[in-house]
Each structure stands twice: as structure tokens, then as C-alpha cells.
2 protein chains.
Amino acid sequence: MADSLKSLAGLTCPAPLSTRDRVLLGHGSGGTLSAELVRDIFLPAFENPTLAQLNDQAVVRVNGSRLAITTDSFVVNPLFFPGGDIGSLAVHGTINDLAMGGAQPLFLSVAFILEEGLPMQTLQRVVDSLKRAANDAGVQIVTGDTKVVEKGKGDGLFINTTGIGIVPEGIELSADRAKPGDKVILSGFLGDHGIAILAQREGLEFETTIESDSAALHTLVAQMLKTKHDGGAPLLAGIARSGNSEVCTSGAIRCMRDPTRGGVSSTLNEIAQQSGVGIEIEEETIPVREDVRGACEMLGLDPLYVANEGKLVAIVTPEAADVLVSTMRQHPLGREVRVIGTVTEKNAGMVTMRTTLGTTRIVDMLAGDQLPRIC
Amino acid sequence: MADSLKSLAGLTCPAPLSTRDRVLLGHGSGGTLSAELVRDIFLPAFENPTLAQLNDQAVVRVNGSRLAITTDSFVVNPLFFPGGDIGSLAVHGTINDLAMGGAQPLFLSVAFILEEGLPMQTLQRVVDSLKRAANDAGVQIVTGDTKVVEKGKGDGLFINTTGIGIVPEGIELSADRAKPGDKVILSGFLGDHGIAILAQREGLEFETTIESDSAALHTLVAQMLKTKHDGGAPLLAGIARSGNSEVCTSGAIRCMRDPTRGGVSSTLNEIAQQSGVGIEIEEETIPVREDVRGACEMLGLDPLYVANEGKLVAIVTPEAADVLVSTMRQHPLGREVRVIGTVTEKNAGMVTMRTTLGTTRIVDMLAGDQLPRIC
């Protein structure tokens, strides 16, 4: 009797309250639960016009300069993985959030939360990697902080990096600017980071080692922002000719995002919702490495929901799409760039995909948490 | 035999290696171990002129503006305590680090690391408090981030705040500027925060509830920076008259620090070392509340080593000391301000104290960790 009650209890759905009154892993997923947390707790408290734009970076004006500010904590597990580690990731992730706003990254702060007992050698390895990534990207680490928590109250080490950059005048990239007819550009293969982490964490072996795509995208973005028409006429966000000099103008790139937690599906859903447009993508154009596709199939994952750490999605005017793709292809981080879809008037707020079978399906935001602690 | 070996092993001092090859709680104390971590791991890796100044904030030049940047993670335990909580503390602490550089605090980023299972109500309470503290201080929260770690891999919640402010031209406050003859000013009672946390954590009860002094010091600092001679002549860091207008000059305040982790002793030791001077303080001038003094005596703590979160130490020219003290006394956070000591040429790099008994003793930096997770 007691046993059957127990098993019945086990079958009962959790009361709705239980998913609302405690923090779940999914609240850190970058998907619907994360969005709820922002909507229900953070936005009402901190409401201000800058925060309400919900971009990956804030752009504020200080003494005439347009300053971009972004912050990210990194709790990735494991600390080291093929293609990177928590140190390089903490640099790349924050640089990318600045770059997606068109900002030139300048400075980083770095704050560590260390767990008592962490081998000093591990810390040294992470610090070395962090330094190398910052040097390679040309950003300066200007200030820092270290806290230590008791054994069992942390997990090795967590890092927060906050980045500061400058946005040139005339560049206005924001997730609420997509317009029907715009094209959706994806800079390369999907899913590498998420699968690399998962494989490392679970001890999965594939024929080849799948490496994280962790990389700093700001030089790719800088190249995109300087792109011109073949004819030499000024084109993009944002360069126009003014007399003898080039000035920035609001241009052909509407917005950029790096599809990290929650994957491309969540990124596109956010843009569709914030711009009040539909987005239709074509399955056959979406680049996924063979081994990543295989791993996803084996694990029951959809590459559209898997995190990337060195990819960008750009929404651009239809006239600019081709020249941008050519420009990006010349950059090492843009070799596999594709136009993967179109912004539509219909299905506002939704993302749909024309599958390789010719059917159309809705691509939702990530619900729950596909892969916790991916970054 | 086995037993006696075991007990002998227990008596053996830990090998020196064991305090060097793993992270200890003391590495987060703000004392000597923290200083070692910075010296041995962080500075060699991230060496650059801004970081090498070892101030609580970096000051960098961006398009002509002097930007102050500071970052702090907060891991205080418990989350709520008399006089504040982790939310208000995360605002005050970062504002104070900006203010100590003479910066006007403008923007904060806020990043949460939540432990799975945290009651949503707890998060809401912290967020509300954080918002209130930011509003009260007139700083804007412009961007944020949330990560979630599995139950047992965190401790409720950790917060990182990174602050950005503007330093007016002419203001140069730095811990390497103290000169023999300068006076040491302390803005009020020592030890309130540390004892409030400890009492709450350990369930200690005193006749009165000891409250944390957690407060934002930027308005007190602003008042100090505007102080003038009685005669109306320009005096301080840094106001001088230039034609019809007042301009900032390098002035009578050499440096300011908020004595948090490691207490006043560690703060003064840092200044003595960075400036290559001695600092001599007078025990009888150091203000400590009766109940805090009693608690310290009971617990075997020295108030000089206990953390404060709403106090500042200023090193000022001898000519400016009196007028500064009068100015500070008019501010609610400066009512108990005192001159507590003098900068000396002798004993360079050391802090000494003339005790109430008339003897002189060395005041070292905090060694080990007196009170872990105080902020």
C-alpha cells in the first residue's frame, strides 16, 4: 500500500508552483525559463530604457562617447575541453557580446570565485589561457577580484568578465530592428561548442575529437562593418562618404547576435519577438559538421538548440546580403558563412523552418535545459 | 601503533607546499595570502601599467574621458544580515571602490550565479534590495547575466557587480602617493560589518543588535573633493580657481581606500608598502563602538582586522586634515571621523601603533583568514 502510494506519487506531475518557486537549472539555459526570469524578476526591478532593449550589451553615452558594457559569468563544466577552457571562453564570450553591438572591445575586468582546495596549478593554467586569449584579441585586463568559498560551496572556479568597448557613431545594431525581407546570415557550423563540452563531460568518444568553436568574433565584425558594394559605393553599417572622409551611418546590418546558450533557435526567437517579425529558415542551408550531426543524432539533440561560442547570426538588408557573405568568407572565422533564412511579415514573433522534406515546422525557443553549464 | 602514528600525523605541521599548491580560504581574506595570489599569479599574467597600480579601481582614458572601472564578486554568508544583505552590499561595495578613486559612479552591471533550488522569493528579496540600493545611490543598472549551477555546486547565490564611473580631470588618488607628514583620516567606527556578519552566522546575541555599516560612500567623497579652506581659498583634490571657473587640480587628498576584507590594518599596510612610507596610528583615537569592542574581546578578534563596508581611510596633506575632518563631520557617514595617525619616513613599508599603554607595536597585514566570506 505504502509502496503503491509512493509510485503513484512518483507519477504525479510536479505542481506548477514547484517550477516557479525555486531556481531550476533551466533558468540558466538561455531558453524560455531564462526569459521568464528576466521578464518576471529582473526587468520589473531594474527597469530602464537601456536594460529594456534586452541586447547582449548596454550602450550608454559618457561625455559624448558611446560606451558598450556587457557582463558574463562563466561556470562551464569541465574547466578544460577540446578547443578551449573556462579562461579563454571568459574572454571570447564577453568580447563577442561587445562585438555583437558593433563595439570595439577595449577593456576587461576579471573576477574569480575559487573553491577552497582548487589546485593552484589549475588556477595558473586558467589564468595563462585567459591572458593569452586577451592578448590575442588585443583587449586589456585592467582590474580584477578574487573570492574564495569553502569546499563544497563552489565548483573549482567560476569567472566573471565584464567588457567595455566603444561603439562608433552611426552604428545602431539592435534585436528590435529586423524588417520583413531582411536576410538571416549564419557565420559557420552549428553546435561545435555544446557537443565538445558534452563529449568531454560524459567521456563520449567519436572518430574525431570535436573541438569547441570558442573564438573572438570582433575582427570578423569589424570587417563586416567596413564592407562596401563591389562598385565601391558606400553600403553598410555603417560607412558613407562625406567629403573626403568616410563616416558611419545607420546601415545594412540590422542586428547581430552570437547564438550561445539556447542555440540559434533561441537567438532567432528573441529577434523575431523583439522586432515583431517572423523568421523563416531553410534546413538544407544550415551548416553542421558531419561528426557534430552524428553526435546530435546519437544523443537526441537538435543542433539548432546547441550552444556555439564562435558563431554569429546577422540580420541584414536583402541588398547587402551577398556582399556581406563574400566579405565574411575571407575571414578565417567566416569561411562557412551562409544565408540561412529570411525575415517575414507573417508569423510575427515566430521562427519557422522549411525542412529538407519540404514541410514547414515551428522552431521554438529552448524549453528547460538541454545542456547545463555549457558556458 | 597505527593509532599513535595517526595521532602523530595529525600533529605534524602541514608541509609548506600544501599552503601553496591549493587555494585556501585565506586566499580570499584580503590579507597576506590574497596579496601573494595577486603577486604570484595575477600580476605576472596580466601585467600592464593600469593593473600594476593595484588600486581598487582602474582608471583608463577613453576618447578623452577618464573612466574608472572596478569589479567585485560577493559571496557573503549569510545572504541577509542586520543592516543589509548581499544585494545592497553588492551595490555599496562596488560604488565605494569607484568612489575611492575619486570617480562619480554611473553604471553597474550585475551578474548572478544561482544555485539550483534557491527559493525564488530569496532571489526576489535580493533583487529588490539591490535595486533600492542602486536607486538610492543614483547609479543605473544597465546590463546583467544569470547562470545556474547544480545543487551543491554553489551556495544560494553569488553576485558580481562591475562599476563604471568618471574621474574628473585633475583628481589623482593612488595608494602610492602618501608622503611623510601626511595625516591618516578614518571616517568612523571600525568593525561593524564583520561583527554583524559573524554574530548572524554563529547565532551570537549581544545586548543590542550590531548592524553592518554597509553604505555607499560616494556622496561623502564628493563632499570631500569639494572642500575648501575656511578663507575661501581653493585647497583640495581638486579644486582651484581658474579665471571665473573652478577647475580640478591634483590636491590635498593623496589617496582613499575603504577598509573591507583585511580591515584597516591591511589597507594601511598596502598604502605603506606602495608609497614606501611608514604609517603610525594612535590606538586611543581609533573609534570602535562599545558593543563591537565587547564582541571582539569575547571572540578574540582585533577590530583593526575586521571588515567594514561603509568606512574610508584617507591620506591627506597635514594642512588639509582639519578642514577635511570638519567637512566630513557634516555628512551622515562621517560623523565619527578622526585623524588616527601620521605618515612617517621611518619604518618604510610598515604600520605601527602607539597603544593606549604608551608602547609601540607593529600592525601587520592580516595573515590567514579571520572571517571567511564576509563580502
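Anyway, here's the lowdown on the structure attached to this text. Just so it is clear, the model here is predicted, and its values are computed rather than measured. (Residues numbered from 1 in each chain as written. Chains lettered and ligands numbered in written order. Predicted model: local features only at pLDDT ≥ 70, side-chain atom pairs only at ≥ 80, totals over all residues. Heavy atoms only, no water.)

What follows concerns the overall build of chain A. For chain A, the count of helices and strands is 11 helices and 16 strands. The 375 residues of chain A split such that 60% are buried. Looking at chain A as shown, the accessible area adds up to about 14700 Å², and 50% of this sits on carbon and sulfur atoms. (Helix = DSSP H or I, 4+ residues; strand = E, 2+ residues; numbered from the N terminus. Buried < 20%, exposed > 50% of the residue type's maximum accessible area, 1.4 Å probe, protein only. Areas by Shrake-Rupley, 256 points an atom, 1.4 Å probe, with all protein chains shown as cover.)

Let us now look at the interface of chain B and chain A. Opposite the 74 residues of chain B that make contact, chain A presents 73 residues. Taking both sides of the interface into account, the surface hidden between chain B and chain A amounts to around 6600 Å²; carbon and sulfur atoms contribute 66%. Looking only at chain B, the three residues that lose the most surface to chain A are B:Val23, B:Met120 and B:Lys147, adding up to 10% of its buried area. Here chain B is connected to chain A by 8 salt bridges. A:Asp145 serves as the salt-bridge partner of B:Arg261, at 3.1 Å between the closest nitrogen and oxygen. Viewed at the interface, chain A and chain B are joined by 23 residue pairs in polar contact (both at pLDDT 80 or more). When residues of the side of chain B that touches chain A are traced back to their parent elements, those giving at least two are helix H3 (32-46), helix H4 (49-52), strand E1 (58-62), strand E2 (65-74), strand E5 (104-115), helix H6 (120-137), strand E6 (140-149) and strand E7 (157-166) of chain B. No other element matches E6(B), which puts 10 residues into the side of chain B that touches chain A. Partitioned by chemical class, the residues of the side of chain B that touches chain A number 37 nonpolar, 21 polar and 16 charged. (Contact = heavy atoms within 4.5 Å. Buried area = accessible area lost by both parts, 1.4 Å probe. Salt bridge = Lys/Arg side-chain N within 4 Å of Asp/Glu carboxyl O. Polar contact = N/O pair within 3.5 Å; in protein donor to acceptor, adjacent residues only side chain to side chain. Nonpolar A, V, L, I, M, F, W, Y, C, P; charged D, E, K, R; others polar.)

Summed over all chains, the structure comprises 5 aromatic pairs over all chains. Measuring from ring centre to ring centre gives 6.5 Å for A:Phe158 and B:Phe158, while their planes differ by 45°; the resulting arrangement is tilted. Of this pair, A:Phe158 sits in strand E7 (residues 157-166) while B:Phe158 sits in strand E7, each in a different chain. By relative accessible area, which is 1% here, A:Phe158 ends up buried. An aromatic cluster is present here, built from A:Phe42, A:Phe46 and B:Phe112 joined pairwise through their rings. In this structure, A:Arg125 is placed above the aromatic ring of A:Phe80, and the distance from its NZ or CZ to the ring centre is 3.6 Å. Sitting over the face of the ring of B:Phe74, A:Lys147 holds its NZ or CZ atom 5.6 Å from the ring centroid. (Phe/Tyr/Trp six-rings, centres within 6.5 Å; stacked < 30°, edge-to-face > 60°. Lys NZ or Arg CZ within 6 Å of the ring centre and 35° of its normal.)

A separate point is the relation of the copies chain B and chain A. Note on the copies: chain B fits chain A at an RMSD of 0.0 Å, the axial shift is 0.0 Å, and the rotation between them is 180°. Taken together, the rotation and translation describe the operation of a two-fold axis. In terms of C-alpha distance to the rotation axis, chain B has B:Gly154 as its closest residue, with the C-alpha 2.2 Å off the axis. When the interface residues of chain B are mapped onto chain A, 99% of them are again interface residues, pointing to one common binding face. (Least-squares fit on C-alpha atoms with pLDDT ≥ 70 in both.)

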